[in-house]
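Examination of the molecular architecture
Residues per chain are reported as follows:
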Amino acid sequence: MSSAVDAVAPGTDPDGLDRFRDLVALQQPTWPDADALAAVAARLSVAAPLVVPAEADTLTERLAAAGRGEAFLLQGGDCAETFADANATRIRNKVRTILQMAVVLTHGASTPVVKMGRLAGQYAKPRSSDLETRDGVTLPCYRGDMVNGHAFTPESRIPDPQRLEQAYRISAATANVVRAFTRGGYADLRRVHEWNRGFMQNPSYARYERTATEIDRAIRFMDACGADFDALRTVEFFLSHEALILDYERALTRVDPRTGRHYDTSAHFLWIGERTRHLDGAHVEFLSRVANPIGVKLGPTTTADDALALAHRLNPDNTPGRLTFITRMGASKVRDVLPEVVAKVTAAGVSVTWVTDPMHGNTITSDSGFKTRRFTDVLDEVTGFFEVHRDLGTVPGGLHMELTGDDVTEVLGGSEEISDEGLALRYETLVDPRLNHQQSLETAFQVAEMLTRR
Ligand SMILES: O=C[C@H](O)[C@H](O)COP(=O)(O)O
Ligand SMILES: C=C(OP(=O)(O)O)C(=O)O
């Protein structure tokens, strides 16, 4: 076959791709109809890839640079994407937010930023409980649009394998829009002011405008010097999601005819969640067999030995950029737990890109009952992450955020001072609270200062 990637039929098990099926796979739906699932997987296994291996390899190089401190990863997007919100406006708002944050970071810290969305595939969620009870009625929990519906009815909560195909199609459409925005001129740095249009004036937006004006001035100066600006028209933008539903990830895995290696073509970058990172579990086994750059979330119970064992298993060749550890310890624990993990991994000569996720260790329930986070905790965990790396002389390589481009009210605080009462105004997430556009920009300004000191 002469295409960029060749299909790998499920069941043929080249190079152990199906070995994960013999292991315990946590957080998988109980699909009611095995034949329907097999039929969907068979169709997906010959569908067009969403990304190609060469792009994934480029990302490995970029992440290696981030691991060495020559770049910084900015990875952000929804907690859970939804099919209903996969429209151009919402996608553009998310991409624009990431681009604006990247501008702030690049400008503030003179560091190239690797831009990555939790986008075009972030449709499956690990949950704390299999069941949800409301007013005395208990149903299976919502596991993301790739699996079942959010509506609290027995029919909607039944896992439906057709949703895997729907997720694939909507991810393809999303990826197409993202590529159009980032390659078609929208992301041109010369339009840096336009990205801010339509937002109300507040300290972060005003600060962003000042940054944009300085960038404009620099561009006009370079223009006058005869610089060629064609490179500014496009930006590299990568796609990522949690590799949770293994039937989906396996079905989208292809062989790269250039090298014979396997790639999970559902995204450039896949990560293993905190709840599924067991060394002898199916998720680690499956991702050990694909050549994409991958991440593992490390929560507050992680020991240095856990991290080392994961690194040896997932990156036996110690390839720079292949493995990213996304630490999410919580603001109150990061300074206690992270140092030993980073110190031992570093002392063992293991190549890792260290990224902070300051969201998932800081979830609380507000007095009024909303699942939320305090913006101050989010910033405190990022600060702790930078402090730990500064003390050890290691590299803080990136930021992983749950954010949206819209003016939602899901996280407490920020310069708009969202209060517990304010949460109800626009609380739209289906699972975890996300930073809104304004809080995302504020974060970028704070992180730019930390990066400058890096
Ligand atoms: O995004 C992360 C997890 O899916 C989420 O925090 C789990 O949420 P739950 O505790 O509401 O199930
Ligand atoms: C579930 C997630 O995170 P964690 O695995 O760190 O809880 C997530 O990032 O959506």
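Our structure is the block above this text.
These notes cover the structure that comes with them. As the structure is a prediction and not an experimental result, all values here were calculated from the model. Residue numbers restart at each chain and count upward from 1, following the sequence in its written direction. Naming scheme: in the order in which they are written, chains are lettered from A and ligands are numbered from 1. In keeping with the model being predicted, local features are shown solely for residues with a pLDDT of at least 70 and side-chain atom pairs are shown and tallied solely at 80 or more, while totals for entire chains, interfaces and linings include all residues. Think of the side-chain values as coming from all heavy atoms in the structure, minus any hydrogens and water.

Some remarks on helix H10 (residues 375–392)
- Here H10 is 18 residues long and its end C-alpha atoms lie 26 Å apart, about the 26 Å a rise of 1.5 Å per residue gives.
- Each residue is placed in one exposure class: buried if its accessible area under a 1.4 Å probe, protein chains only, is under 20% of its type's maximum, exposed if it is over 50%, and partly exposed if it falls in between. Helix and strand labels come from DSSP, where a helix needs a run of H or I of at least four residues and a strand needs a run of E of at least two; each type is numbered from the N terminus. Within the sequence span of H10, burial applies to Phe375, Asp377, Val378, Leu379, Glu381, Val382, Gly384, Phe385, Phe386, Val388 and His389.
- Looking at the residues trailing H10, positive phi occurs at Gly393, about 75°. In this analysis, the expected span of each helix is defined as 1.5 Å times one less than the number of residues it contains.

Some details on the sheet that holds strand E15 (residues 396–402)
- DSSP calls a pair of strands paired once it identifies at least 2 bridges connecting them. Ordered in space as E2-E3-E6-E9-E10-E11-E12-E15, the eight strands form a closed barrel in which the pairing is parallel. For this sheet the average axis-to-axis angle between neighbouring strands, irrespective of direction, equals 25°. With axes taken as lines fitted to C-alpha atoms, and helix axes fitted only over the stretch in contact, angles between N-to-C directions fall between 0 and 180 degrees.

Quick word on the packing of aromatic side chains
- In this analysis, rings of Phe, Tyr and Trp, with Trp reduced to its six-membered ring, are considered paired at centre separations within 6.5 Å, and the interplanar angle assigns stacked below 30 degrees, edge-to-face beyond 60, and tilted for intermediate values. Applying the stated rule across the entire model yields six aromatic pairs.
- Seen in terms of ring centroids, Phe325 and Trp354 are 5.6 Å apart; in terms of plane orientation they differ by 50°. Their pairing is tilted. Taken together, the residues span a long stretch of sequence, with Phe325 in strand E11 (residues 323–327) and Trp354 in strand E12 (residues 353–356) at a distance of 29 residues.
- Assessed through its relative accessible area of 4%, Trp354 is described here as buried.
- Grouped by ring-pair contacts, the aromatic residues Phe72, Phe385 and Phe386 constitute a single cluster.

A closer look at the sheet that holds strand E8 (residues 262–264)
- Across the sheet, which stays open at both edges, the three strands sit in the order E1-E7-E8 with antiparallel pairing between neighbours. Because the sheet does not close on itself, it has two edges, and the strands there are strand E1 (6–7) and E8.
- The sheet contact formed by E1 and strand E7 (residues 253–255) spans two bridges and is antiparallel. Along E7, the bridge assignment pairs Asp6 with Val255.

With respect to empty space enclosed by the protein
- With a 1 Å grid spanning the protein atoms alone, the term cavity applies to any set of points in which a 1.4 Å probe fits but cannot get out, the term pocket to an open set with protein on both sides within 12 Å along at least five of seven lines, and the term lining residue to any residue with an atom within 4 Å of a point. Grid points are joined across faces, edges and corners, and a volume is the space filled by probe spheres set on the points. What the rule picks out here adds up to two cavities of 30 Å³ or more.
- Taken as a whole, the largest cavity holds about 40 Å³ of empty space.
- Forming the boundary of the largest cavity are Val178, Arg179, Thr182, Arg183, Phe237, Leu239 and His268.
- Of all the elements in the fold, those that place two or more residues in the lining of the largest cavity are helix H4 (162–183) and strand E6 (237–242).
- The element that contributes the greatest number of residues to the lining of the largest cavity is H4, accounting for four residues.
- Within this model, the second largest cavity holds a volume of roughly 30 Å³.
- If you trace the second largest cavity, you find it lined by Asp78, Glu81, Thr82, Asp85, Ala86, Ile91, Lys94, Leu119 and Thr174.
- Each residue gets one of three labels, nonpolar for Ala, Val, Leu, Ile, Met, Phe, Trp, Tyr, Cys and Pro, charged for Asp, Glu, Lys and Arg, and polar for the others, Gly among them. Each residue belonging to the lining of the second largest cavity can be placed in one class, and the counts come to three nonpolar, two polar and four charged.

Considering the site of ligand 2
- Surrounding ligand 2, one finds 13 residues, the nearest of these being Arg118, Lys125, Glu274, Lys297 and Arg328.
- By the criterion applied in these results, polar contacts are pairs of N or O atoms within 3.5 Å in which, for protein atoms, one can donate a hydrogen and the other can accept it, and in which residues neighboring in sequence qualify only through two side-chain atoms. The contact in question runs from an oxygen atom of ligand 2 to an N or O atom on the side chain of Arg118, over 2.8 Å.
- We get accessible surface area from the Shrake-Rupley algorithm with a probe of 1.4 Å; when it comes to residues, only the shown protein chains can shield them. Notes on ligand 2: free accessible area 290 Å², of which the protein chains cover 98%.
- When atom positions are compared with the pocket grids, ligand 2 is found to occupy the largest pocket.
- Residue classes in the shell around ligand 2 are distributed as two nonpolar, three polar and eight charged. Consider each residue's heavy atoms; a residue with any of them within 4 Å of a molecule or strand counts as near. Occupancy of a cavity or pocket is assigned to a molecule whenever over half of its atoms lie within 2 Å of that pocket's grid points.

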